[in-house]
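# Summary of structural features
Each chain, letter by letter, is given below.
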Amino acid sequence: MLKIKSLLSVAVLMGAAQLAGAIEWQALPEAAPAPADNPVTPAKVKLGQMLFFDPRLSSTGTVSCNSCHNVMAGGEDNRPVAAGVHGKTGDRSAPTVWNAAFHATQFWDGRAASLEDQARGPVTNPIEMGMKSWDEVVARLKQIPEYPKLFEEAFGPGATISEDNVVKAIASYERTLITPDSPYDRYVKGDKSALTEQQVRGMQTFAAVGCDTCHSGPAFSGQTGQGVGVFRKFPMFDNPFFESKYGFKKDLGRYNVTKKEEDKHFFKVPTLRNVALTAPYFHNGAVQTLEEAVRVMAKLQLNRDLSDQEVADLVAFLNALTGTFPKQDLPRLPATPGKTFAYVK
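This section reports on the structure supplied with the text.

The rules we used
- Residues numbered from 1 in each chain as written.
- Predicted model: local features only at pLDDT ≥ 70, side-chain atom pairs only at ≥ 80, totals over all residues.
- Heavy atoms only, no water.
- Helix = DSSP H or I, 4+ residues; strand = E, 2+ residues; numbered from the N terminus.
- Rg over C-alpha atoms; globule rule 2.2 N^0.38 Å.
- Buried < 20%, exposed > 50% of the residue type's maximum accessible area, 1.4 Å probe, protein only.
- Lys, Arg positive; Asp, Glu negative; His and termini not counted.
- Charge placed at Lys NZ, Arg CZ, Asp CG, Glu CD.
- Polar contact = N/O pair within 3.5 Å; in protein donor to acceptor, adjacent residues only side chain to side chain.
- Phe/Tyr/Trp six-rings, centres within 6.5 Å; stacked < 30°, edge-to-face > 60°.
- Expected span 1.5 Å × (residues − 1).
- Contact = heavy atoms within 4.5 Å.
- Salt bridge = Lys/Arg side-chain N within 4 Å of Asp/Glu carboxyl O.

### Observations concerning the overall build of the protein chain
The secondary structure content of the protein chain amounts to 13 helices and two strands. Taken against the 2.2 N^0.38 rule, which gives 20 Å for 345 residues, the C-alpha radius of gyration of the protein chain at 22 Å falls within 12% of a compact globule. Across its three principal directions, the C-alpha atoms of the protein chain cover 85 × 45 × 30 Å. The buried share among the 345 residues of the protein chain stands at 50%. Distance between charge centroids for the protein chain: 2 Å, based on 38 positive and 37 negative side chains.

### Let's talk about the side chain of asparagine 38
By the secondary structure assignment, asparagine 38 is in the loop between α1 (2-22) and α2 (42-53). Among the polar contacts listed, one links the side chain of asparagine 38 to the side chain of serine 172, at a separation of 3.5 Å.

### As for the packing of aromatic side chains
The full count for this structure, using the stated rule, is 20 aromatic pairs. Ring centres of tryptophan 25 and tyrosine 184 lie 6.2 Å apart, and the angle between their planes is 70 degrees; this geometry places the pair in the edge-to-face category. A residue pair is termed long-range when its members are at least 10 positions apart, and tryptophan 25 in the loop between α1 and α2 and tyrosine 184 in helix α8 (residues 183-188) qualify at 159 residues. For tryptophan 25, a relative accessible area of 19% gives the class buried. Residues tyrosine 147 and phenylalanine 151 carry aromatic rings whose centres are separated by 6.3 Å and whose planes lie at 70 degrees to one another, so their mutual orientation is edge-to-face.

### Notes on helix α7 (residues 163-174)
Taking 1.5 Å of rise per residue, the 12 residues of α7 would be expected to cover 16 Å, and the 17 Å separating its terminal C-alpha atoms lies within 8% of that figure. Tucked into the core, α7 has its buried residues touching α2, α3 (65-68), α4 (115-124), α5 (134-142) and α6 (146-155).

### Overview of the pattern of salt bridges
This structure, assessed with the given rule, holds 19 salt bridges. A salt bridge links arginine 120 to aspartate 117, with the nearest nitrogen and oxygen atoms 3.7 Å apart. Here arginine 120 and its partner aspartate 117 are both found in helix α4, three residues apart, which amounts to about one turn of the helix. In this structure, aspartate 329 and lysine 327 form a salt bridge, with 3.7 Å as the shortest nitrogen-oxygen distance. By relative accessible area, aspartate 329 is classed as partly exposed at 48%. Put simply, Arg92, Asp109, Arg111 and Asp251 are held in one network by salt bridges that share partners.

### Focus: unusual backbone geometry
Excluding glycine, a negative phi dihedral is what most residues carry, and trans is how most peptide bonds are arranged. Omega for the peptide link from phenylalanine 234 to proline 235 comes to 0 degrees, which places this bond in the cis form. Note on placement: proline 235 falls in the loop between β1 (231-233) and α10 (240-246). Between alanine 279 and the following residue, proline 280, the backbone shows a cis peptide bond with an omega angle of 0 degrees. Structurally, proline 280 is set in the loop between β2 (266-268) and α12 (290-302).

What follows is the structure, encoded as C-alpha cells:
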C-alpha cells in the first residue's frame, strides 16, 4: 500500500510538472506600452512625478496620488480601504500602481480604460482628493509659477496647463513604474537557480490547481490588451463561513458601473506581481495575510481545500514575483513664494 501511495504521489507531481511546463510562463517586459497620443518622454515623466507627489491637487492640500499609491513601498497604502481628504475612507482597497501600465483596465471595477482615464477620477472624487472640478485644478496649478514652464517643456512650445496634459503627464510617470527581474523572471529566462526548490514546487502547484486560469500573462492579471480587461465573479462559490467573516458580497463590483445583472460581484483580475508587499488583500482589504488569501482564493474560486504544504509552496512562489524596484528620488515641488492657497475646510 505504501508503495502504491508513493507511485501515485510521483504521478501527481509529474502531472503537475508537465502542466506547469505547458503554460506560457512570461517574464515582465522591460518597458510598458504607451498610447500613440501620449509617448513617454523624460520631460513628461519629470512633470508627471511632480504632479503624482503634489498634494496641492487635493482640496485640502494634504492628499497626493502617492498618499494611496506609495511608490516608496509596494505601490499602495497597506490599509484595508484608502483614506482621502478630511480622513474620509472609501469602500475599496487601493490597488498597487507598480506595473499598472500592463493592465488593460484600471480600478477594481474596470471603469477606466487607460492610465490617463484612471488619473482623472480621484482628483475630483469627493472622498479621495476632493477638488470641485478640473477647472479648479487647472486654475490652481496656473498659480504655481514654475508649472507653466514645465508643461511647455513636456508638451512643446505654447502648451498650456490642462486636464488632458495633467493626466497624460501622470500616466507617463506611471509607465516607468515597472518591477522586472524578479526571481521568477530570471527563472523563466533560463536561470534555473533563481527559484528555490519550494518556489518551483509552488509554481507547479499554481498550474496544477488552476490559479493560472485567471492569473496569466506577464503581469499575472490575465489582461490581453488596452481596454480589454479580464473580469471574474468573486466569490465564484458560496461559502457562508468566509462571507460572514469577510463580507465580500457587500460590494457589487462591476455592476456599479454597468448596471447589468450579469456583472454583479464581478471584479477585474488583479496582478500578482509584488503581491507579497500589498497586504491586506482583496477588493475590501479584509484578509490580513497572504497565506489566508491563498486559502480563500482556492476555496471561493476553485472550490478546493489546500493542504498546509500546498499553501506554503504557493506563498513561496508568490514571493518570487517580487521584482526589482527602480530607485525613486523624491521630486522637489514647485513653490509659491510668499503665499499659499486657501484650502477648503
